[in-house]
Amino acid sequence: MHNLEMIDILAPIEDDMRRMDAVLRRATGSVVPLVGEINQHIVGGGGKRLRPAVLLLAARACGYAGDEHLRLAAAVEAVHTATLLHDDVVDRSRLRRGRPTANQVWGNEASVLVGDFMYSRATQMIVESERLDIVAVLSTAANDIAEGEVVQLTNRHNPGLTEHQYFDVIRNKTARLFEASAQAGALIAHASKSRERALARYGVHLGNAFQLIDDALDFTGSVDAIGKNLGDDLADGKATLPLIHAMRESTHDEAEYIRQAIRKGSLDRLPDILSAIESTGAIEYTARLAAHESEQAIDALSALDESPFRASLAALARFAVQRDR
């Protein structure tokens, strides 16, 4: 599924997305030229704006008719942007969305500091909602994401990471912000507790599905399609699900050189590792779990009334597992 279909999925909130983007650009402007340059590079660098889209769709699906959700959606994207700036420094990434990362262009120090600026600006926007329940949901999520990143860092070069531990990592690192976005959309609309819980559940499963497919694409995509280099996660020493499954199901020798590659963060045996991934059906296994997450996300939406917004949330869950980037 490509970008044209993404445009179709988000058609019911096309105006909201356009206005949210304007709010985001205004809010992340700065009198400091370097802040503006880096923000323009990353905010203007494409990206699907999925997390704010989830918040906007959730709010509208719950009958919200105001425009306070625009600022909250912009805040969510600012949080996400901050995590990208920091992640790329931690991971020493050179490419994101097919373009040089901010740390490649301006250096680590500038990227970290502008990431801090984005976090603090997001906090300002969230507080402006004057809704303590929403402040609690989004600030707790931001904290959990930071903890998830630290856990991922401490597990780098650890070939003993279990599937259960892997899911704990992606729950905080990726799914948490989707969960908080969907929940904040319900809260701004004063939805019932049951709908709020259902949307939060939707967000978790949607985020899991996205991350699972991302981790599969790291071994099957191309730089043109996924915007980063093949095997980047392995080069960082990350034990993602395709590798965990391949180690579990492959021969002793194959498992050992996957373990060594994770320990060293080395791509020296990448062709052999790709072969082990293929022979053990690791990509298919990861895709199956992603499909299950997508189905659970769609199931959670049964708590909402039928509407174009609910249909778009369901389509987004299907998009998560059908994409090739």
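In this text the structure is predicted, and so the values were computed from the model without any measurement.

Parameters and conventions
Residues numbered from 1 in each chain as written. Predicted model: local features only at pLDDT ≥ 70, side-chain atom pairs only at ≥ 80, totals over all residues. Heavy atoms only, no water. Helix = DSSP H or I, 4+ residues; strand = E, 2+ residues; numbered from the N terminus. Rg over C-alpha atoms; globule rule 2.2 N^0.38 Å. Buried < 20%, exposed > 50% of the residue type's maximum accessible area, 1.4 Å probe, protein only. Areas by Shrake-Rupley, 256 points an atom, 1.4 Å probe, with all protein chains shown as cover. Lys, Arg positive; Asp, Glu negative; His and termini not counted. Charge placed at Lys NZ, Arg CZ, Asp CG, Glu CD. Phe/Tyr/Trp six-rings, centres within 6.5 Å; stacked < 30°, edge-to-face > 60°. Core = buried A, V, L, I, M, F, W, Y, C linked by side-chain atoms within 4.5 Å. Contact = heavy atoms within 4.5 Å. Salt bridge = Lys/Arg side-chain N within 4 Å of Asp/Glu carboxyl O. Polar contact = N/O pair within 3.5 Å; in protein donor to acceptor, adjacent residues only side chain to side chain. Expected span 1.5 Å × (residues − 1). Patch = residues over 30% accessible without salt bridge, like charges linked within 9 Å, V, L, I, M, F, W, Y side chains within 5 Å. Axes fitted to C-alpha atoms, helices over the stretch in contact; angles between N-to-C directions. Parallel < 35°, antiparallel > 145°, perpendicular 65-115°, else oblique. Nonpolar A, V, L, I, M, F, W, Y, C, P; charged D, E, K, R; others polar. pLDDT = per-residue confidence, 0-100.

Right, let's get into the overall build of the protein. A tally of helices and strands in the protein yields 17 helices and 2 strands. In summary, the protein has a C-alpha radius of gyration of 19 Å against a globular reference of 20 Å for 325 residues, a match within 12%. Seen through its principal axes, the protein has C-alpha atoms that stretch 60 × 45 × 35 Å. With 325 residues in all, the protein has 55% of them scored as buried. As displayed, the protein offers around 14000 Å² of accessible surface, 52% of which is attributable to carbon and sulfur atoms. Computing the positive centroid from 36 side-chain charges and the negative centroid from 46, the protein places the two 3 Å apart.

If you walk through the whole model with that rule in mind, you get 3 aromatic pairs. Between the aromatic rings of Phe178 and Phe210, the centroid separation amounts to 5.7 Å while the plane-to-plane angle is 5°, which identifies the pairing as stacked. Taken together, the residues Phe178 in helix H9 (residues 163-188) and Phe210 in helix H10 (residues 193-220) connect sequence positions 32 residues apart. Both residues of the pair, Phe178 and Phe210, belong to the buried class.

It is worth spelling out the nonpolar core at this point. Membership of the largest hydrophobic core comes to 73 residues, with the highest contact counts inside it found for Leu199, Tyr202, Leu206 and Leu316. Top element by residues in this core is helix H5 (residues 68-90). It accounts for 11 residues. Sequence-distant contacts of Leu316, defined by excluding residues within four places in its chain, comprise Met6, Ile9, Leu50, Val54, Leu57, Tyr202, Leu206 and Phe210. Judged by nonpolar contacts, the second largest core, of 28 residues, contains Tyr166, Ile170, Phe219 and Ile283.

Evaluated as defined, the whole model comprises 20 salt bridges. Arg248 is the partner of Glu249 in a salt bridge, and the nearest nitrogen-oxygen pair spans 3.8 Å. The salt bridge partner of Arg263 is Glu256, with a shortest N-O separation of 3.8 Å. Several salt bridges converge on common partners, so that one network encompasses Asp15, Asp16, Arg18, Arg19 and Arg60.

Okay, the side chain of Thr101 next. Relative to the helices and strands, Thr101 is located in the loop between strand E2 (99-100) and helix H6 (102-106). What makes Thr101 buried here is its relative accessible area of 2%. Engagement of the side chain of Thr101 in a polar contact is seen with the backbone oxygen of Ser93, the distance being 2.8 Å. Not counting residues within four places of it along the chain, the set of residues in contact with Thr101 comprises His41, Asp88, Ser93, Arg94, Leu95 and Arg96.

What follows deals with helix H16 (residues 282-300). Compared with the 27 Å implied by 1.5 Å per residue over 19 residues, the 27 Å span of H16 between its first and last C-alpha is a close match. Looking only at H16, the buried set comprises Ala282, Ile283, Tyr285, Thr286, Ala290, Glu293, Ser294, Ala297 and Ala300. The inward-facing, buried residues of H16 contact H9, H10, helix H13 (241-249), helix H15 (270-279) and helix H17 (308-322).

This brings us to a nonpolar patch on the surface. A contiguous nonpolar patch, built from Val31, Val32 and Leu34 and spanning about 290 Å² of accessible area, is present on the exposed surface. By the secondary structure assignment, Val32 is in the loop between helix H2 (14-27) and helix H3 (33-43). Looking at Val32, the relative accessible area reads 42%, which means it is partly exposed.

Following the sequence through the fold, Glu149 ends up in helix H8 (residues 132-154). Taking C-alpha positions, Glu149 is 31 Å from Ala189, a pair spaced 40 residues apart along the chain. If sequence neighbours within four positions are ignored, Glu149 has contacts with Asp87 and Lys173.

In this section: unusual backbone geometry. Positive phi, close to 55°, is recorded for Glu130, a residue that is not glycine. Here Glu130 shows up in the loop between helix H7 (108-127) and H8.

Interaxial distance between H13 and H15 falls to 9 Å at its minimum, and their mutual angle equals 75°. For the element pair H13 / H15, the angle class is roughly perpendicular. Facing Pro242, Leu243 and Ala246 of H13, the residues of H15 in contact are Ile273, Ala276 and Ile277. Taken together, the residues of the contact of H13 with H15 sort by class into 6 nonpolar, no polar and no charged.

A separate point is the side chain of Lys238. Relative to the assigned elements, Lys238 resides in the loop between helix H12 (232-235) and H13. Those residues in contact with Lys238 that sit more than four places away from it in its chain are Asp91, Gln152, Asp233 and Leu243.

Now for the confidence of the model for the protein. In the predicted model, the protein carries a mean pLDDT of 91, and 94% of its residues have values of at least 70. Here helix H11 (residues 223-226) stands out as the least confident element of the protein, with mean pLDDT 48; helix H4 (residues 50-61) is the most confident, with 98.

Once that is clear, we can look at H17. When the terminal C-alpha atoms of H17 are compared, their 20 Å separation across 15 residues agrees well with the 21 Å that a helix rising 1.5 Å per residue should span. When we look at burial in H17, the residues that qualify are Ser312, Leu313, Ala314, Ala315, Leu316, Ala317, Phe319 and Ala320.

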